[in-house]
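Chain by chain, the residues run as shown.
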Amino acid sequence: MMRKSMFITIATASAAALTAATVALIPEKNPVVPIPVVPYEELPPIEQKYVCDDCTINEAITLSFLQERGIEDKAALATVMGNIKQESNFTPNICEGGAKVSYASCTKGGYGLIQWTSKKRYLGLGLFASNYDGDPSELETQLRYMVNEPQWTKYELYLKSDGQSIAFYMNHAYNWLGWGIHGNRTVFSHGYYNRLTLFSSGRMA
């Protein structure tokens, strides 16, 4: 019995020594260096280059929204504004023909800011609103949807080509809207061009 105890003691001691020796042979890993956390800093709002003193609240919101997307050319801004005025007079809940109704209640013709008419584009507005917790009858949701459509993303490239004429931007606007009647959109665009004023350091220039 004593021999058995001695054997167990010797075996245990040998195993401990072997383990210690094995651990000593393993190279020490590089110490873990924590990654410094950089506090998030909200970017300052983009200062508007142009303002419109006598515009409606919906016109002013749209003008600001367009500039936040990096559209800075006066003629480009005026052309988009003129087209929206022709389509809806900046009334987001307007159904083709003039009725002011909710998105679901406009069952025929175009609807909204740019009179979304085709089935794909009209249903796209509703789907976008559903996916992003918006109201398809309201201005903010419609503006966000508008700039996410492929027709707009192509047109926006031209709008960011500074220094062009209203005629240039209007020519490319057709592929964005595909209007049936040109109407007064060019007249409206020139009107906005004359109404937009530079804004600098809190003062109109």
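Thresholds, definitions, all that
- Within any chain, residue numbers begin from 1 and follow the written order of that chain's sequence.
- Selection of residues for local features in this predicted model requires a pLDDT of at least 70, selection of side-chain atom pairs for listing and counting requires 80 or more, and totals for whole chains, interfaces and linings are taken over all residues.
- Side-chain descriptors were evaluated using all non-hydrogen atoms of the structure, hydrogens and water having been removed beforehand.
- Only DSSP runs of H or I covering at least 4 residues are called helices, and only runs of E covering at least 2 are called strands; the numbering of each starts at the N terminus.
- Exposure categories follow from relative accessible area, calculated using a 1.4 Å probe and restricted to protein chains: below 20% of the type maximum is buried, above 50% is exposed, and the middle band is partly exposed.
- Should any heavy atoms of two residues lie within 4.5 Å, those residues are considered in contact.
- Using the Shrake-Rupley algorithm and a 1.4 Å probe, accessible areas are obtained, with residue cover drawn only from the displayed protein chains.
- Stacked, edge-to-face and tilted are the three classes for Phe, Tyr and Trp ring pairs, Trp counted by its six-membered ring, which pair at centre distances within 6.5 Å; planes under 30 degrees apart are stacked, over 60 edge-to-face, the rest tilted.
- Two conditions define a charge sitting above a ring: the NZ of Lys or the CZ of Arg must be within 6 Å of the ring centre, and it must be within 35 degrees of the ring normal.
- Helix span, as expected, comes to 1.5 Å for every residue beyond the first.
- Any pair of cysteine sulfurs within 2.5 Å is marked as a disulfide.

Student: Whenever I open this one, the overall build of the protein chain confuses me. Can you help?
Tutor: A tally of regular secondary structure across the protein chain gives 8 helices and 3 strands. Sorting the 205 residues of the protein chain into buried and exposed places 35% on the buried side. If you take every contact in the protein chain between residues at least 6 apart in sequence, the share linking residues at least 24 apart comes to 56%. As displayed, the protein chain has an accessible area near 13400 Å², and 59% of this comes from carbon and sulfur atoms.

Student: How should I be thinking about unusual backbone geometry in this particular structure?
Tutor: A positive phi angle, close to 55 degrees, is found at Q115, a residue other than glycine. With respect to the element layout, Q115 can be found in the loop between helix 3 (74-88) and helix 4 (119-131). Q115 gets classed as buried once you look at its relative accessible area, which sits at 13%. Backbone geometry at D133 places phi at a positive 55 degrees, although glycine is not the residue there. Examined against the element boundaries, D133 turns out to sit in the loop between helix 4 and helix 5 (139-146).

Student: Any chance you could explain the environment of S102 here in plain terms?
Tutor: Structurally, the position occupied by S102 is in the loop between helix 3 and helix 4. Residue S102 is classed as partly exposed on the basis of its relative accessible area of 36%. Sequence separation between S102 and P92 is 10 residues, and the spatial gap between their C-alpha atoms is 9.3 Å. What S102 contacts, discounting residues up to four positions off in sequence, is Y111 and S137.

Student: I'm lost on the packing of aromatic side chains in this one. Help?
Tutor: We describe a pair of aromatic rings using the distance from one ring centre to the other and the angle between the two ring planes. The full count for this structure, using the stated rule, is 12 aromatic pairs. Ring centres of Y155 and W176 lie 5.3 Å apart, and the angle between their planes is 20 degrees; on these two criteria the pair is classed as stacked. Taken together, the residues span a long stretch of sequence, with Y155 in helix 6 (residues 150-159) and W176 in helix 7 (residues 166-177) at a distance of 21 residues. Judged by centre distance (5.2 Å) and plane angle (90 degrees), the rings of Y174 and W179 are edge-to-face. A relative accessible area of 13% places W179 in the buried class. One aromatic cluster in this structure is built from W116, F128, Y132 and Y145. Directly above the aromatic system of Y193 lies the positively charged group of K74, at a separation of 4.5 Å from the ring centroid.

Student: Could you clarify how one ought to interpret helix 2 (residues 57-68) in this entry?
Tutor: One full turn of an α-helix is made of 3.6 residues, so residues set three or four places apart face in the same direction. With 12 residues, helix 2 extends 16 Å from end C-alpha to end C-alpha; this agrees with the ideal 16 Å at 1.5 Å per step. Listed as buried for helix 2 are E59, T62, L63, S64, F65, L66 and Q67. On its buried face, helix 2 sits against strand 1 (50-51), helix 3, helix 5, helix 6 and helix 8 (185-195). One or two residues past the end of helix 2 sits G70, with phi positive at roughly 95 degrees.

Student: How do you make sense of the state of the cysteines when you look at a structure like this?
Tutor: By definition, a disulfide is the covalent link that joins the sulfur atoms of two cysteine residues. Under the defined criterion, the tally for this structure stands at 2 disulfides. Paired through a disulfide, C52 and C55 show a sulfur-sulfur distance of 2.0 Å. Because the sign of the S-S torsion sets the handedness, a value of about 80 degrees for the bond joining C52 and C55 places this disulfide among the right-handed ones. Of the two residues examined, C52 and C55, each falls in the buried class. With a sulfur-sulfur separation of 2.0 Å, C95 is cross-linked through a disulfide to C106. Looking along the S-S bond of the C95-C106 disulfide, the torsion reads about 70 degrees, which is the right-handed sense. Highlighted residues: C95 in the loop between helix 3 and helix 4 and C106 in the loop between helix 3 and helix 4, separated in sequence by 11 residues. Judged by relative accessible area, which is 3%, C106 ranks as buried.

Structural measurements only, silent on function.
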